[in-house]
There are 2 protein chains.
Amino acid sequence: MRYQTIQSDANAKFKRWKKLADNTRFIKKEGATLAEGAHLVLTLSERKIKPAALIFRASGVSDEVGDVVRRWSDEGVDCYVLDNKLYDQISPVEHGAGVIAEVRIKEEPLPQNADCDVLYLDGVQDPGNVGTLIRTAVAAGVTVIAASRDSASLWSPKALRAGMGAHFAARLYENVDVTDLAGAFDATRLAADARGGSDLYETPNWEAHHTVWMMGAEGPGLSEAALSVADKRLYIPIIKDCESLNVGAAAAVCLFEQRRRRLQAKTLK
Amino acid sequence: MRYQTIQSDANAKFKRWKKLADNTRFIKKEGATLAEGAHLVLTLSERKIKPAALIFRASGVSDEVGDVVRRWSDEGVDCYVLDNKLYDQISPVEHGAGVIAEVRIKEEPLPQNADCDVLYLDGVQDPGNVGTLIRTAVAAGVTVIAASRDSASLWSPKALRAGMGAHFAARLYENVDVTDLAGAFDATRLAADARGGSDLYETPNWEAHHTVWMMGAEGPGLSEAALSVADKRLYIPIIKDCESLNVGAAAAVCLFEQRRRRLQAKTLK
């Protein structure tokens, strides 16, 4: 396998990766991001997504990815071995697998009246939360994720790590204003609202058509703008002693209650 | 308000807090931990748990906690102001609220044949995950949490932060062997098992009695030992394209499906 070694932080390629690692606006501008770890690399291979480049830690790479990496190298993917210190500057985790794939991402325009289920993130800030939410949504069969301008980047290396490959099974839209949801998706807009509305479990038929589940940030919850476009507000009946759920847990509860109802409806047909 | 300032890392009190911050075995030995942030401090106040000491960042403290802190100081709680650099060494988060409460924790022996719902963590390693799991369990009405020896500390400052106060509404048991669950709790042992068993939604009556939900680590899942003591293995019917859920999301789905069924049973009575 051929590769180029990079030992200086003045190297232009390294500087570009460092910028991708640190600056989510640069990710958008370049249409590229960094996917760290054996799991993500294997997912890319399974989904036949060829990386733009492969970056290795000089100290060595997890054996798991050997075959995949050799094949891509044979197919002409550029490979780079970085000094440990340089690698660690662009890795989203401290003790990683020693391999990063640079992957291209392309932004598509919002659809019009699309007939699908959607998860909408309204100001969710933490990249780890964002990644977990994408993973949970895809597992629940919701493969379209849209996010407001003040949410964390869906494509940051940290969000990718937490997503565990779910990003590549989903369609993702960033900088989506709540007022654009109605035109983009032909679906019932549901607000997950800890402060009021009706009981998630007792309310019938909210899942009858496609839905856009809107989830807010920890603390403030959904914005007024999001609440104002909601067709329904639903709350999870948590016990009184406890004030709220983490947004990842709340989304899991709502999206899987939707899945449960859909599966049951299928069985009854 | 009276307080003592600490400016040297050679100070004995500082050294002890640093050890509590870094070493979970020391937490156990001392029977004390550090609760950082305005939210945890307010929760302690609401639950009438008086801290052993209050630690402030020299740069200032969130206004929210002013009244609570003054009251405790009047009641004789020792207050300390730490140089920013020292404070940051013992804080579990980078940009905290500038206040940490040292709280006493006491370990109780496992009960015998207790009649209650339990969440059992089998090798869950990440302190953030552990905290979120405790929060989710309490919100779902499951206030007893037990953890295996190879799980992360339930009482680490990071787990406390992620728990958002749920720790103080729960009973927690650490170093619990799976083989001790049967004697301790008079409850059906349910294994959340991504690899097999029966469908969480289609299987009836698993919630009829009290339950011990057993959750494994990301990746390996439940240990053989845990599977071998399970009365039932249940899986969440995620879509095929996706391999698994994060343990926090999986627990949210299982514990709230239990809550849904219990609430529905109550309504039907």
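Note that the structure is predicted; figures quoted are calculated from it, not measured.

How each quantity is defined
- Residues numbered from 1 in each chain as written.
- Chains lettered and ligands numbered in written order.
- Predicted model: local features only at pLDDT ≥ 70, side-chain atom pairs only at ≥ 80, totals over all residues.
- Heavy atoms only, no water.
- Core = buried A, V, L, I, M, F, W, Y, C linked by side-chain atoms within 4.5 Å.
- Buried < 20%, exposed > 50% of the residue type's maximum accessible area, 1.4 Å probe, protein only.
- Contact = heavy atoms within 4.5 Å.
- Domains from an automatic or database assignment.
- Buried area = accessible area lost by both parts, 1.4 Å probe.
- Salt bridge = Lys/Arg side-chain N within 4 Å of Asp/Glu carboxyl O.
- Helix = DSSP H or I, 4+ residues; strand = E, 2+ residues; numbered from the N terminus.
- Polar contact = N/O pair within 3.5 Å; in protein donor to acceptor, adjacent residues only side chain to side chain.
- Least-squares fit on C-alpha atoms with pLDDT ≥ 70 in both.
- Axes fitted to C-alpha atoms, helices over the stretch in contact; angles between N-to-C directions.
- Parallel < 35°, antiparallel > 145°, perpendicular 65-115°, else oblique.
- Nonpolar A, V, L, I, M, F, W, Y, C, P; charged D, E, K, R; others polar.
- UniProt positions renumbered as here; feature names shortened; annotations may be inferred.
- 1 Å grid on protein atoms, 1.4 Å probe; cavity = no way out; pocket = protein on both sides within 12 Å on 5 of 7 lines; lining within 4 Å.
- Points joined across faces, edges and corners; volume = space filled by probe spheres on them.
- Pairing = 2+ DSSP bridges.
- Right-handed = clockwise from strand over helix to strand, strands pointing away.

### Brief notes about the nonpolar core
Trp213(A) and Trp213(B) are the most contacted members of the largest nonpolar core, which has 157 residues in total. Setting aside chain neighbours within four positions, we find Trp213(B) in contact with Val118(B), Leu119(B), Tyr120(B), Leu190(B), Ala191(B), Ala192(B), Leu200(B), Trp206(B), Leu234(B), Cys254(B), Leu255(B) and Gln258(B). The next biggest cluster of nonpolar side chains, apart from the first, holds 21 residues, and it includes Tyr173(A), Val178(A), Ala184(A) and Leu227(A).

### Here's the deal with the domain arrangement of chain A
Accessible area lost during the coming together of the parts is what is often quoted as the interface size. Residue and element names in this part refer to chain A. Splitting chain A by domain gives domain 1 (4-104) and domain 2 (118-268). Computed from C-alpha coordinates alone, the two centres of domain 1 and domain 2 are separated by 31 Å. Listed as interface residues are 19 residues of domain 1 and, on the opposing side, 13 residues of domain 2. Between domain 1 and domain 2, the buried area comes to about 1,300 Å², and carbon and sulfur atoms account for 71% of it. Linking domain 1 with domain 2 are 2 salt bridges. One salt bridge in this structure joins Glu174 and Lys28, with 2.7 Å as the shortest N-O distance.

### A word on the side chain of Glu36(B)
Residue and element names in this part refer to chain B. Tracing the chain through its elements places Glu36 in strand β2 (residues 32-36). Looking at Glu36, its side chain comes within polar contact range of the side chain of Tyr87, at 3.2 Å. Polar side-chain contacts of Glu36 include one of 3.2 Å to the backbone nitrogen of Ala97.

### A look at the relation of the copies chain B and chain A
The operation relating the pair of chain copies consists of a rotation about an axis and a translation along that axis. For the pair chain B and chain A, the relating rotation is 180°, the translation along its axis is 0.0 Å, and the fit reaches an RMSD of 0.0 Å. Overall, the copies show the geometry of a two-fold rotation axis.

### Details of the packing of helix α6 (residues 127-139) of chain A against helix α10 (residues 247-268) of chain A
All names here are of chain A. Direction vectors running N to C along α6 and α10 enclose 10°, while the axes themselves pass 9 Å from each other. The angle between the axes of α6 and α10 places the two elements in the roughly parallel class. Between α6 and α10, the residues in contact are Asn129, Leu133, Thr136, Ala137 and Ala139 and Val247, Gly248, Ala251, Ala252, Leu255, Phe256 and Arg259, respectively. Here the contact of α6 with α10 is composed, by residue class, of 8 nonpolar, 3 polar and 1 charged.

### Some remarks on the UniProt feature "domain: tRNA/rRNA methyltransferase SpoU type" (unreviewed entry) in chain A
The feature "domain: tRNA/rRNA methyltransferase SpoU type" (unreviewed entry), as annotated in UniProt, sits at residues 118-256 of chain A in this numbering. Between the first and last C-alpha atoms of residues 118-256 of chain A the distance is 13 Å; the span itself is 28% helix and 21% strand.

### A look at empty space enclosed by the protein
Vacant regions in the atomic arrangement are exposed by a probe of water-molecule size rolled over the atoms. With the rule as written, the count across this model stands at 1 cavity of 30 Å³ or more. Considering only enclosed or pocket space, the largest cavity measures out at about 60 Å³ in volume. Contributing to the lining of the largest cavity are Tyr201(A), Ala252(A), Val253(A), Phe256(A), Glu257(A), Tyr201(B), Ala252(B), Val253(B), Phe256(B) and Glu257(B). Elements with a minimum of two residues in the lining of the largest cavity: α10 of chain A together with α10 (247-268) of chain B. A per-class count over the lining of the largest cavity returns 8 nonpolar, no polar and 2 charged.

### Brief notes about the pairing of strand β3 (residues 53-57) of chain B
All names here are of chain B. The element β3 is extensively covered by neighbouring structure, given that 4 of its 5 residues are classed as buried. Of the strand pairs in this sheet, β3 and strand β4 (residues 78-82) are connected by 5 bridges, and their pairing is parallel. Bridging from a neighbouring strand, Leu54 pairs with Cys79 of β4. For the crossover that starts at β3, traverses helix α4 (residues 66-74) and ends in the parallel β4, the hand is right-handed. In the sheet, β3 pairs with strand β5 (residues 99-104) via 4 bridges, with the strands oriented antiparallel. Paired with Phe56 across the bridge in β5 is Val99.

### Some details on unusual backbone geometry
Even without a glycine there, the phi angle at Lys48(A) is positive, about 55°. Of note, Lys48(A) is situated in the loop between α3 (38-46) and β3 (53-57). Positive phi outside glycine occurs at Asn113(B), with the angle close to 50°. By secondary structure assignment, the location of Asn113(B) is in the loop between β5 and β6 (118-122). Take Asn113(B): its relative accessible area is 52%, and that puts it in the exposed class.

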